[in-house]
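# Secondary and tertiary structure notes
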Amino acid sequence: MEVAVTAGHDKGPDMRVTVAGVELRSPVIAASGTFGYGVEFEEIVALGKIGAFVTKGLSREPMAGNPAPRVIETAAGMMNAIGLQNMGVRAFVEEKLPKLRAIPGAVVIANVFGYTMDDCAEVIEVLNDAEGVAMYELNASCPNTAHGGMSFGVDPDALYWLSKRCREVADKAGRPLMVKLSPNVTDIGLMAKVSADAGVGAVSLVNTFVSLSIDVETRRPRIANVTGGLSGPAIKPIAVRMVHEVAKAVSIPIVGMGGITKAEDAVEFMLAGATAVQVGTASYADPRAVENIASGLKKWCAGHQVSEVRSLTRGLRV
Ligand SMILES: Cc1cc2nc3c(=O)[nH]c(=O)nc-3n(C[C@H](O)[C@H](O)[C@H](O)COP(=O)(O)O)c2cc1C
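Residues numbered from 1 in each chain as written. Predicted model: local features only at pLDDT ≥ 70, side-chain atom pairs only at ≥ 80, totals over all residues. Heavy atoms only, no water.

### Looking at the packing of aromatic side chains
- Summed over all chains, the structure comprises five aromatic pairs.
- Here the aromatic rings of phenylalanine 35 and phenylalanine 41 are separated by 4.0 Å at their centres, their planes lie at 20°, and the arrangement is stacked. Accessibility assignment for this pair places phenylalanine 35 and phenylalanine 41 in one class, buried.
- With a centroid separation of 5.8 Å and an interplanar angle of 40°, the aromatic rings of phenylalanine 35 and phenylalanine 53 are classed as tilted. With a gap of 18 residues between them, phenylalanine 35 in the loop between β3 (28–30) and β4 (52–54) and phenylalanine 53 in strand β4 connect regions that are remote in the sequence. (Phe/Tyr/Trp six-rings, centres within 6.5 Å; stacked < 30°, edge-to-face > 60°. Buried < 20%, exposed > 50% of the residue type's maximum accessible area, 1.4 Å probe, protein only. Helix = DSSP H or I, 4+ residues; strand = E, 2+ residues; numbered from the N terminus.)

What follows is the structure, encoded as structure tokens:
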């Protein structure tokens, strides 16, 4: 197993956490789809100093994504229907990964998806042969084309088999698999449980909420795809509630996200049950959001006599 090696830690609170055997120097991670392939942020963010970052979703073949408009702002959030545009896993391995490998201390989590189980497994197989990936994050919100297009992530049976298959492939490289859960379900605890039963190392949540915004003058959807995924502060309390439900359902590590813009938001997710957190939409307003939230979290811990950030996890008092 490739484990991120951190050379001890500075004075002050110990910010290290471990997710599925991978040690991170900070619990704050850049979320998939909002941080490119990492290299785009190289000049702005010290990639070797943040907890980790998750790549854009990678598929077997390159994908062009949906027609524009694909992103709009909403009250306290944004909607997107990018359509999982990406360069394809093979181009990522050839063009981006060598640059990421050259950044000392950078922890790369590869986000993977596919429209069939075979597609997902193939993406992981390709990555297995390449150095420089610490962990996989499987985006389960993708439609399962072999079964009528219903998302893998909303069908417990499909999610179990997908998680098991992908975990077995990831095992061949000794890399942990984290399953990213869809929030568009009635019982997210059950979805986490079937993933845990399939032997995955961690779950992450939430992905975006299916939503619709209408231009009342034209009476047309404001996003060309009609519906889009809602993210940002608008979803935070729902996401925190879902992390809490998942924490009651499983004992594997949880990576929480949804609307985090400041240190206290990260603390909330950790108290609800998260070991680490991801920051997505906030990086659009401030490309340094991940770094700023990480340093804010360290200050928050110091100011609250929290000597080890990991002690916050599951700290909710009810
Ligand atoms: C523009 C955009 C693109 C995204 N692309 C992906 C993706 O490719 N794969 C994925 O698993 N999640 C993707 N997400 C979801 C985010 O990683 C995250 O789960 C979600 O936005 C909630 O966190 P936030 O409120 O901090 O943004 C995307 C989100 C946005 C806003």
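Additional details are given in the paragraphs that follow.
### Structural notes on the site of the ligand
- For the ligand, the set of nearby residues contains 23 residues, the closest of which are Ser32, Lys180, Gly232, Gly259 and Thr281.
- Contacts to the ligand include lysine 180, whose side-chain N or O atom sits 2.8 Å from an oxygen atom.
- Here an oxygen atom of the ligand sits 2.8 Å away from a polar atom, N or O, in the main chain of glycine 232.
- Burial of the ligand by the protein chains amounts to 96% of its free accessible area of 610 Å². (Near = heavy atom within 4 Å. Polar contact = N/O pair within 3.5 Å; in protein donor to acceptor, adjacent residues only side chain to side chain. Areas by Shrake-Rupley, 256 points an atom, 1.4 Å probe, with all protein chains shown as cover.)

### With respect to a nonpolar patch on the surface
- Taken together, the side chains of Leu212, Ile214 and Val226 present a nonpolar region at the surface, about 260 Å² in accessible area.
- Here leucine 212 is to be found in strand β11 (residues 209–212). (Patch = residues over 30% accessible without salt bridge, like charges linked within 9 Å, V, L, I, M, F, W, Y side chains within 5 Å. Salt bridge = Lys/Arg side-chain N within 4 Å of Asp/Glu carboxyl O.)

### Some points on the pairing of strand β10 (residues 202–205)
- With burial as the criterion, each face of β10 is covered, one bearing Ala202 and Ser204 and the other bearing Val203 and Leu205.
- As paired strands, strand β9 (residues 177–180) and β10 are joined by three bridges and run parallel to one another. Following the sheet pairing, valine 179 is matched in β10 by valine 203.
- Each parallel crossover has a hand, and for β9 linked through helix α4 (residues 188–197) to β10 it is right-handed.
- Inspection of the sheet shows β10 paired to strand β15 (residues 254–257) by three bridges, in the parallel sense. When the bridges of β15 are listed, leucine 205 appears paired with glycine 256. (Pairing = 2+ DSSP bridges. Right-handed = clockwise from strand over helix to strand, strands pointing away.)

### Things to note about the sheet that holds β4
- Read around the closed barrel, the eight strands follow the order β3-β4-β7-β8-β9-β10-β15-β16; overall the barrel is parallel. Strand-to-strand twist across the sheet, computed as the mean angle between neighbouring axes with direction ignored, equals 25°. (Axes fitted to C-alpha atoms, helices over the stretch in contact; angles between N-to-C directions.)

### Comments concerning the UniProt feature "binding site: substrate" (unreviewed entry) in the chain
- Feature annotation in UniProt assigns "binding site: substrate" (unreviewed entry) to the following positions: Lys56, Asn80, Ala81, Ile82, Gly83, Leu84, Asn139, Asn207 and Thr208.
- As for its position among the elements, lysine 56 is in the loop between β4 and β5 (71–74).
- When neighbours within four sequence positions are excluded, lysine 56 is seen to be in contact with Ser32, Gly33, Gly36, Tyr37, Gln85, Asn86 and Asn111.
- Among residues more than four places away in sequence, those in contact with glycine 83 are Met63, Gly65 and Asn66. (UniProt positions renumbered as here; feature names shortened; annotations may be inferred. Contact = heavy atoms within 4.5 Å.)

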